[in-house]
Amino acid sequence: DIVMTQTPLSLSVAIGQSASISCKSSQSLKYSDGKTYLNWVFQSPGQSPKRLIYQVSKLDSGVPDRFSGTGSETDFTLKISRVEAEDLGVYYCCQGSYSPYTFGAGTKLELK
Amino acid sequence: EVQLVESGGGLVQPGASLKLSCVASGFTFSDYWMSWVRQTPGKTMEWIGDIKYDGSYTNYAPSLKNRFTISRDNAKSTLYLQMSNVRSEDTATYYCTRDYDGTPLAYWGQGTLVTVSS
């Protein structure tokens, strides 16, 4: 199975600051079709998860453009510019390139 | 609006069987791959498996393949997860998800909690 390693596991930010989360995979996530199926999933406290970003950098419908995803092969980053209170919760990276799909351990974004 | 509503969770004894359901609405169910994901009490996420839009193909996490079965009834817009010989480590919230444009996990239900305990 592909191992997804997220850092940091916890991140304290002030409202209005930016935040960055790293995700590294144990092997390249570039699939045979040339696409890279790296997703970012967010879970606010007490809520079900919600996908924010797919294929490394594509924002799901309704996701604010203060969220951005970058990366390739094995190294990926989620950046949130100008953090808002509604952004607090846990962020997971998840690879959907190779079965079984696997998740990172999650990064908890908290208020400083 | 896409809606996925899971049900069937609850307290179950070790070794028992349980069948979860996920009723879909707001889209043409038979057009989409669907999958199940679970989240442990410690918040670890685990992909269980998925099923092709017409039910002709399923794919599972190897560690769960022998005990879990995914199926669907497109006439009822319902996804199922049959769990057998459950163990304490199967205690988790189970989510059904739908793909979008060939990419997984685009939409999630609210989840159903399964607790395995004697």
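A.B. asks: Looking at this structure, I do not really get the environment of B:Ala24. What am I missing?
C.D. replies: Residues and elements named next belong to chain B. Here Ala-24 lies in strand 3 (residues 18-25). Here Ala-24 falls in the buried class, since its relative accessible area comes to 8%. For the pair Ala-24 and Ser-71, spaced 47 residues apart in the sequence, the C-alpha separation amounts to 14 Å.

A.B. asks: Mind showing me how you'd approach the environment of B:Arg67 here?
C.D. replies: Residue and element names in this part refer to chain B. Secondary-structure assignment places Arg-67 in the loop between strand 6 (58-60) and strand 7 (68-73). C-alpha separation for the pair Arg-67 and Ser-84, spaced 17 residues apart in sequence, amounts to 5.2 Å. Once residues within four sequence positions are removed from consideration, Arg-67 is found in contact with Gln-82, Met-83, Ser-84, Asn-85, Val-86, Arg-87 and Asp-90.

A.B. asks: Explanation requested: the sheet that holds strand 8 (residues 78-83) of chain B in the structure shown.
C.D. replies: As a general point, the strands of a sheet are linked pairwise by backbone hydrogen bonds and lie either parallel or antiparallel. Residues and elements named next belong to chain B. Spatially, 1-3-8-7 is the arrangement adopted by the four strands of the open sheet, whose pairing is antiparallel. Across the chains shown, the open sheet's two edge strands, defined by having one partner strand only, are strand 1 (3-7) and strand 7. For this sheet, the mean inter-axis angle between neighbouring strands, taken without regard to orientation, is 20°. Bridging between strand 1 and strand 3 involves five bridges; their strand directions are antiparallel. Of the residues in strand 3, the one forming a bridge with Ser-7 is Ser-21.

A.B. asks: What should I look at first to understand the side chain of B:Thr78 in this one?
C.D. replies: Residues and elements named next belong to chain B. As for its placement among the helices and strands, Thr-78 is situated in strand 8. For Thr-78, a relative accessible area of 6% corresponds to the buried category. A distance of 2.8 Å separates the side chain of Thr-78 from the backbone oxygen of Lys-76, its partner in a polar contact. Contact partners of Thr-78, with chain neighbours within four places excluded, come to Ser-21, Cys-22, Val-23, Phe-29, Ser-71, Arg-72 and Asp-73.

A.B. asks: Can you walk me through the interface of chain B and chain A in this structure?
C.D. replies: It is common to give the size of an interface as the accessible area that goes away when the parts come together. Residue-level contacts link 21 residues of chain B with 18 residues of chain A. Three residues, B:Met45, B:Trp47 and B:Pro104, lead the burial of chain B against chain A; their summed loss comes to 34% of the area buried on that side. Applying the counting rule to chain B against chain A returns zero salt bridges. Within the residue set of the side of chain B that touches chain A, elements represented by two or more residues are strand 4 (34-39), strand 5 (45-51), strand 6, strand 9 (92-100) and strand 10 (103-108) of chain B. The element that contributes the greatest number of residues to the side of chain B that touches chain A is strand 10 of chain B, accounting for five residues. Grouping the amino acids of the side of chain B that touches chain A by side-chain chemistry returns twelve nonpolar, six polar and three charged.

Scoring rules and cut-offs
- Residues numbered from 1 in each chain as written.
- Chains lettered and ligands numbered in written order.
- Predicted model: local features only at pLDDT ≥ 70, side-chain atom pairs only at ≥ 80, totals over all residues.
- Heavy atoms only, no water.
- Helix = DSSP H or I, 4+ residues; strand = E, 2+ residues; numbered from the N terminus.
- Buried < 20%, exposed > 50% of the residue type's maximum accessible area, 1.4 Å probe, protein only.
- Contact = heavy atoms within 4.5 Å.
- Pairing = 2+ DSSP bridges.
- Axes fitted to C-alpha atoms, helices over the stretch in contact; angles between N-to-C directions.
- Polar contact = N/O pair within 3.5 Å; in protein donor to acceptor, adjacent residues only side chain to side chain.
- Buried area = accessible area lost by both parts, 1.4 Å probe.
- Salt bridge = Lys/Arg side-chain N within 4 Å of Asp/Glu carboxyl O.
- Nonpolar A, V, L, I, M, F, W, Y, C, P; charged D, E, K, R; others polar.

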